[in-house]
Amino acid sequence: MSTEAANTRETSSWEEAEQQADQEYSLGKYHSSVALLKKAIDLLSKDNIDSMLRIYLKLVHSLEGAAKYSESLEMLDKAGQLLATLKEKNDDYELEIKNNTSKMHIFLGNYLKAIEIVKGVIEHMEKNKNTTSRIYAQALSIQGMVQEKLAQYQLSIESYKKSLKILEATPNSHFEQAKVLIEIGLNHDMLSEYESSINYYNKAEEALNQAGKCPEHPERANLKEHLGWGMLNRGYQKGLPLIEESIKIYEACLGPDHPNLAKAYLKKAFTYKDRKS
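Cut-offs applied
- Residues numbered from 1 in each chain as written.
- Predicted model: local features only at pLDDT ≥ 70, side-chain atom pairs only at ≥ 80, totals over all residues.
- Heavy atoms only, no water.
- Phe/Tyr/Trp six-rings, centres within 6.5 Å; stacked < 30°, edge-to-face > 60°.
- Helix = DSSP H or I, 4+ residues; strand = E, 2+ residues; numbered from the N terminus.
- Lys NZ or Arg CZ within 6 Å of the ring centre and 35° of its normal.
- Expected span 1.5 Å × (residues − 1).
- Buried < 20%, exposed > 50% of the residue type's maximum accessible area, 1.4 Å probe, protein only.
- Polar contact = N/O pair within 3.5 Å; in protein donor to acceptor, adjacent residues only side chain to side chain.
- Contact = heavy atoms within 4.5 Å.
- Axes fitted to C-alpha atoms, helices over the stretch in contact; angles between N-to-C directions.
- Parallel < 35°, antiparallel > 145°, perpendicular 65-115°, else oblique.
- Left-handed = near helix turned anticlockwise from the far one by under 90°.
- Nonpolar A, V, L, I, M, F, W, Y, C, P; charged D, E, K, R; others polar.

J.: Please explain the packing of aromatic side chains as it appears in this structure.
T.: For any pair of aromatic rings, the description consists of the separation of the ring centres together with the inter-plane angle of the planes. As enumerated under the stated definition, the model contains two aromatic pairs in all. Look at Tyr69 and Phe107: their rings are 4.4 Å apart centre to centre, the planes differ by 10 degrees, and that puts the pair in the stacked class. Here Tyr69, found in helix 4 (residues 69-83), pairs with Phe107, found in helix 5 (residues 91-107); they are 38 residues apart in sequence, far enough to count as distant. Here the guanidinium or amino end of Lys203 rests over the ring plane of Tyr200, the centre of that ring lying 5.0 Å away. Geometry around Phe175 places Lys213 over its ring, the cationic atom sitting 4.6 Å from the centre.

J.: Even after reading the chapter, I still don't get helix 10 (residues 194-211), so can you show me in this structure?
T.: The α-helix advances 3.6 residues per turn, and as a result positions three or four apart in sequence lie on the same side. Under the 1.5 Å per step criterion, the end-to-end length of helix 10 is 25 Å for 18 residues, consistent within 8% with the ideal 26 Å. Listing the buried residues of helix 10 in full gives Ser197, Ile198, Tyr200, Tyr201, Ala204, Ala207 and Leu208. After helix 10 finishes, the residue Gly212 shows a positive phi value of roughly 75 degrees.

J.: How should the side chain of Asp189 be read in this particular structure?
T.: Mapped onto the secondary structure, Asp189 falls in helix 9 (residues 174-190). Here the side chain of Asp189 touches Ser197 through a polar contact of 3.0 Å, side chain to side chain. With residues up to four places along the chain from it excluded, the contact list for Asp189 reads Tyr194, Ser197, Tyr201, His226 and Gly230.

J.: In this structure, what is going on with the environment of Leu112? I would like to understand it.
T.: Among the secondary structure elements, Leu112 is positioned in helix 6 (residues 111-127). Relative accessible area serves as the criterion here: at 66%, Leu112 is assigned to the exposed category. Here the alpha-carbon distance between Leu112 and Ile243, two residues 131 residues apart in the chain, equals 32 Å.

J.: Would you take a moment to explain the packing of helix 10 against helix 11 (residues 218-233) for this structure?
T.: A packed helix pair is summarised by two numbers, namely the angle formed by the two axes and the spacing between the axes. As a packed pair, helix 10 and helix 11 sit with axes 10 Å apart at the nearest point and diverge in direction by 160 degrees. Looking at the two axes, helix 10 sits roughly antiparallel to helix 11. Crossing hand, helix 10 versus helix 11: left-handed. Judged by residue contacts, Tyr194, Ile198, Tyr201, Ala204, Glu205, Leu208 and Asn209 of helix 10 engage Glu219, Arg220, Leu223, His226, Leu227, Gly230, Met231 and Asn233 from helix 11. By residue class, the composition of the contact of helix 10 with helix 11 is eight nonpolar, four polar and three charged.

Now the structure itself:
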């Protein structure tokens with residue numbers, strides 16, 4: 001077999017693995033997406049740095065979905081090392097790596113580290129007047145995440161709304177919009193502004209519909225969980241079935257050890273406790 005034929009077979013193989021991983025990720029099947037992306041990395045020529053970087057960043061997102069945050073940080077470190085080998089600087093890759101590094105630190109509880117990194121990204125992009133891109137919107141969302149963790153709910157809402165405004169002008173961003181809308185709703189929940197929270201949850205459902213996400217997608221479960229909790233906080237017991245539906249989706253897609261499942265079970269437990277008291 002010629003070298004060209006062998007390379008074509010190899011390229012086809014890693015490309016197929018990447019495409020299958022994309023399909024699994026779109027369905028919220030993060031564990032299988034992780035396995036396929038790791039296979040793609042194993043099959044990909046180490047000289048194909050641009051494709052390797054792209055796949056590493058996809059792997060980071062899939063690992064995040066699977067709640068493997070420490071491993072995600074390891075992949076980001078490897079992506080950073082690869083980036084340093086490029087002859088020409090790639091600002092977008094560098095900023096995306098920093099954004100995702102900040103996000104993983106949030107999940108791991110390193111809030112001050114997270115805000116330090118993402119503020120650097122935001123300041124860099126504002127200095128260069130690059131404030132309409134997806135990466136800038138992502139940075140604002142991450143800033144909103146850490147502000148929420150620090151109980152700065154109003155500031156968090158402001159950051160998320162700035163991100164949402166950019167995403168609304170960005171093609172094919174309905175899924176990202178949905179996630180931001182859910183977080184805005186959650187912050188209103190934390191401020192006991194339940195009418196506002198449910199309004200944003202309803203908008204998130206519309207965005208998920210526009211994104212074409214199936215009823216069994218984990219983000220649907222995330223929405224049901226928060227919407228159900230918001231309804232229960234307003235005294236509507238019909239919120240409980242929504243939390244129970246979210247649990248079923250989490251169990252099917254994310255497995256028994258995922259933190260989202262634990263949070264949904266806690267909310268269900270609090271509901272039953274309140275019924276008995």
